[in-house]
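Architecture at a glance
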Amino acid sequence: MVSASAEKSRPGAFPQPPPNGHKNVPASRATARLRAQRQSEAFPRTCCDVTARHASLAVGWTGRKAEVAKMSIAEPVATCLSPAVHYMVCKLGFEIKESLSVNSIMYENGEVCWKTITELVYCLESDQSVDYIKSVQLLGPLCESVHLHLQSLTMEQFKLQYLLWFQWTNHTELLLEVFAALQSTEATAIALSLMKLTSCLERALGDVFLLIGKDCPFLLRDLLASQELAKVFGQSVMNVLRVFIGSPCGLNLRNILWHGFASPQEIPAKYCSVLLFLTAGLGQLLRRFLLQTETILIHRPYIVFPNVGELDIFPDLNHEALSLTEELAKISSFVLKTMLPFWVAALTAFRQHRYADCVILLLPQLETGLRLLFTTVNKCPNRLLTAESSSLYTTFDEMLTKQLSDKEINQLPLILGEPAMEFLWDFLNHQEGPRVRDHLSHGEVNLNEFPREIANQILAFSITLLYKFSEEEELSELKEHTVIKPLISCASCYHSQFHPVARLKKQVLECMKSICSWPELPVVPEEQIQEITGLERSADTSPCISVTTEILSQLQNYLPQNCFILNDPVNNLLTEKLLIELCNTHICTLYCPRSVLEILVLLRKISTQCHQVSDQVIASSEMKYKQWINKMLRSRQRHNYLRMLNSIKFLSPVLRLILILMTLELISIHTVCEKNPYDYQQYLKFLKSVLQYTENLVTYTSPEKNKWDESLELTHKTLIKIRTFNERKQTLMQLATQIKLF
């Protein structure tokens, strides 16, 4: 089956090479028949028909364009659709010339006549599976009839006839935009409308699925093949949808557009019309089901892009930058000439503040350009095309991996460079990143509220690729351009924001910032404390502070140059400066081994627990102080409050020690791969013991427990463990030092 990154495994999963490479599975009889039938026909020239061309493959950004490998191509690529796919999409539905009356498709009351439509889906006698070739052929006249009917309607007539039946999608405005696009003369209008319509339809069908099922399938093809939707709409109706968008054996309109295989001229407008028409028909069937079952359709909320403020990497693009980009797109070898209208439309959308449209148009073109590079540098030009149903597409997922399916090293990351690869992983793949393509293609985003910040970053990054893969002589006037230079500078120094390494750095600094606020916490005046009768003697915190100081002294030997730990366990400011300096250390994030990711999970959990302890100390301290001032504390509660104030003396340096230890381990994290299995397990055991300590500390310092003396005892035991482990030289920072010596 086809693998699509817009339809990958579950969200946030790291892309891996396909388990069995690109081994073909037996083609269906229908596909085999199509190949035999069309073998002698002429198809548009594709990259398979041409010898090498493509250009300007820069190795990396080093302040100037690096070495360039140049290859020439005899003729430009005219299509990225393989012969069979091109025939299926562009020709097959036009072979039957007979007309079909719209009255046979729609009743007088406006309801869709599904019987007429479903009868045109042809099933094989042997196993009743859909014959997609025959079905597309038979549905051709129906699509044409629907298209002509919709084109004959005014907007008011269309609203009157169909608006009610679109409400189930929760996207009526979008569907009205799709109708308006049917009248448009812009080459990209139909393609953009289909991408938005298919994502909207997928989201709405997922809502319907949840009327009966529990876990909505992530892949559209699995959703359309589900028994849950068949119970609501009927299997024959679902077969109709699968002809258009749900199977790689059919038209597969969603995937060939979202993955950037189809040019604007290759998508017949009638397929957009019929999907719009079928969406209304589904609304009619759904209303009947809801009335019969007395249920209500509930729409899932849209996702909100997290951490948008962290995406401010490139400068804001102005009118001059957009005009320059249009010129770059015309000369850059990153852009196939057949795809140029998409780039122009994306820039127009950005100018018009239609930021979701801009990114929807741009992402498939980024994939197309990178696929062109991928197939060139890896010497597999045939894979620029859409695959047949018997093999895999070449999509972002494979292009961003370290190795190809045949275990050869993928050359694309070497050409793009680490900063560009980290940007792509951040915006497309990392679970805590925006995962823009996933969310947009699956209809999970409110398009009207799409953040300008994300559109600006993706467009700015695209400009750097256009520049990077343009002929040197054509860039003579642009090298020192005031718009280009800042973009290249930002691109060259980009570091991942959403890899677990980057998230851990952020967690450490946020936790340290929280701890730094402890000295500002309100404290009861000493004279009021002395007035308390029967005051218990405070527990001795000096042993904890002494061991903490000793461990900090040991860690000094493993700090980078110009970094120092002063033997002052209570100096928050110095610790914060140290952590900031350490977190500025670059750590490779591409293709981290499983052992590295496993360690990162533990370190992040420890950091999370430390931050929760800090938050609880702050909240308890502020609350207890107010209660003390207002004389709302009973005698036992007052004594407990004083124990908490005493505990802060050792908790602050201990938590800061843990943060320093974690950060030093993070800097040397890749040395974990050098540990033998036994030592690795011992190291995991050590980290888990520290995690267990922080989890217990969260419990002891919670408002419900308030076990401050027990926290002191627990902390001392853990510090002894850390000191012992450090003395045995089993930490990653110590291993890194040993490796350097040898």
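How each quantity is defined
Residues numbered from 1 in each chain as written. Predicted model: local features only at pLDDT ≥ 70, side-chain atom pairs only at ≥ 80, totals over all residues. Heavy atoms only, no water. Helix = DSSP H or I, 4+ residues; strand = E, 2+ residues; numbered from the N terminus. Buried < 20%, exposed > 50% of the residue type's maximum accessible area, 1.4 Å probe, protein only. Contact = heavy atoms within 4.5 Å. Areas by Shrake-Rupley, 256 points an atom, 1.4 Å probe, with all protein chains shown as cover. Phe/Tyr/Trp six-rings, centres within 6.5 Å; stacked < 30°, edge-to-face > 60°. Lys NZ or Arg CZ within 6 Å of the ring centre and 35° of its normal. Axes fitted to C-alpha atoms, helices over the stretch in contact; angles between N-to-C directions. Parallel < 35°, antiparallel > 145°, perpendicular 65-115°, else oblique. Left-handed = near helix turned anticlockwise from the far one by under 90°. Expected span 1.5 Å × (residues − 1). Core = buried A, V, L, I, M, F, W, Y, C linked by side-chain atoms within 4.5 Å. Salt bridge = Lys/Arg side-chain N within 4 Å of Asp/Glu carboxyl O. pLDDT = per-residue confidence, 0-100. Arc of directions from axis to C-beta.

1. Re the overall build of the protein
- In terms of regular secondary structure, the protein is built from 30 helices and two strands.
- With 742 residues in all, the protein has 57% of them scored as buried.
- Here the contacts in the protein between residues at least 6 apart in sequence split such that 78% fall between residues at least 24 apart.
- With the model as given, the accessible surface of the protein reaches about 32400 Å², and the carbon-plus-sulfur share is 52%.

2. Things to note about the packing of aromatic side chains
- Enumeration according to the criterion identifies 19 aromatic pairs in this entry.
- Aromatic side chains Phe 305 and Phe 450 sit 5.5 Å apart centroid to centroid with 85 degrees between the ring planes, which places their arrangement in the edge-to-face category. Of the two residues, Phe 305 sits in the loop between α12 (269-293) and α13 (319-331) while Phe 450 sits in the loop between α19 (436-441) and α20 (452-468), which places them 145 residues apart along the sequence. Taken as a pair, Phe 305 and Phe 450 share a single burial class, namely buried.
- Grouping aromatic residues by their ring pairs yields a cluster made of Phe 158, Tyr 162, Phe 166, Phe 179 and Phe 277.
- Directly above the ring of Phe 94 sits Lys 270, whose terminal nitrogen or CZ lies 3.7 Å from the centroid.

3. Regarding the packing of α13 against α20
- Relative to each other, α13 and α20 sit at 40 degrees, their axes nearing to 10 Å. The angle between α13 and α20 places the two elements in the oblique class. In this structure, the crossing between α13 and α20 has a hand that is left-handed. Counting all contacts with α13, which are made through Leu 322, Thr 325, Leu 328 and Ala 329, the residues of α20 involved are Leu 459, Ile 463, Leu 466 and Tyr 467.

4. Topic: helix α26 (residues 594-629)
- The end-to-end C-alpha distance of α26, which contains 36 residues, comes to 53 Å, matching closely the 52 Å that a straight helix rising 1.5 Å per residue would cover.
- Lys 631 sits one or two positions beyond α26 and adopts a positive phi of about 55 degrees.

5. Some thoughts on the nonpolar core
- The biggest cluster of nonpolar side chains holds 163 residues, and the ones touching the most others in it are Phe 233, Phe 244 and Phe 450.
- Ranked by residue count, the leading element in this core is helix α15 (residues 355-377), at 14 residues.
- Excluding anything up to four places from it in sequence, Phe 450 contacts Phe 305, Tyr 355, Ala 356, Val 359, Val 436, Leu 440, Val 445 and Ala 455.
- Counting 73 residues, the second largest nonpolar core, distinct from the first, contains Trp 518, Leu 552, Ile 599 and Ile 648.

6. Re the pattern of salt bridges
- Inspection of every chain in the model, using the stated rule, returns 23 salt bridges.
- The salt bridge partner of Asp 357 is Lys 196, with a shortest N-O separation of 2.9 Å. Taken together, the residues span a long stretch of sequence, with Asp 357 in helix α15 and Lys 196 in helix α7 (residues 189-209) at a distance of 161 residues.
- Among the residues examined, Lys 196 registers a relative accessible area of 8% and is labelled buried.
- A salt bridge links Glu 432 to Arg 503, with the nearest nitrogen and oxygen atoms 3.9 Å apart. Of this pair, Glu 432 sits in the loop between α18 (418-428) and α19 while Arg 503 sits in helix α22 (residues 500-516); the two residues are 71 residues apart in sequence, bridging distant segments of the chain.
- Salt bridges sharing common partners tie together Glu 310, Glu 432, Arg 503, Lys 506, Glu 510 and Arg 604.

7. Structural notes on the confidence of the model for the protein
- For the protein, mean pLDDT is 86; residues scoring 70 or higher make up 86% of the total.
- Every residue in residues 1-75 is under pLDDT 50, and counting partners more than four places away or in other chains gives 177 contacts.

8. Describing the packing of α22 against helix α27 (residues 635-667)
- α27 packs onto α22 with a crossing angle of 160 degrees between their chain directions and a minimal axis gap of 11 Å. Judged on the interaxial angle alone, α27 and α22 are roughly antiparallel. Note that α22 runs across α27; the crossing there is left-handed. Contacts between α22 and α27 involve Val 501, Leu 504, Lys 505, Val 508, Cys 511, Met 512 and Ile 515 from the first element and Ser 652, Leu 655, Arg 656, Leu 659, Met 662, Thr 663 and Leu 666 from the second.

9. Focus: helix α5 (residues 155-166)
- The end-to-end C-alpha distance of α5 is 14 Å, clearly below the 16 Å that 12 residues give at a rise of 1.5 Å each.
- Within α5, burial applies to Phe 158, Tyr 162, Trp 165 and Phe 166. Projected down its long axis, α5 shows its buried positions confined to an angular sector of 90 degrees, all on one face. More than 90 degrees from the buried face of α5, the exposed residues found are Glu 156 and Leu 160.
- Where α5 is buried, its residues contact α4 (132-151), α6 (172-181) and α12.

10. Focus: the environment of Leu 362
- Within the secondary structure layout, Leu 362 lies in helix α15.
- Taking the C-alpha atoms as reference points, Leu 362 and Trp 343, separated by 19 residues in sequence, lie 6.6 Å from one another.
- Residues within four places of Leu 362 in sequence aside, it is in contact with Trp 343, Ala 346, Ile 458, Leu 459 and Ser 462.

11. Here we look at the environment of Cys 583
- As for its placement among the helices and strands, Cys 583 is situated in helix α25 (residues 572-583).
- Residues Cys 583 and Ala 502 lie 81 residues apart in sequence; the distance between their C-alpha atoms is 8.8 Å.
- Apart from the residues lying within four places of it in its own chain, the contact partners of Cys 583 are Lys 505, Leu 509 and Thr 663.

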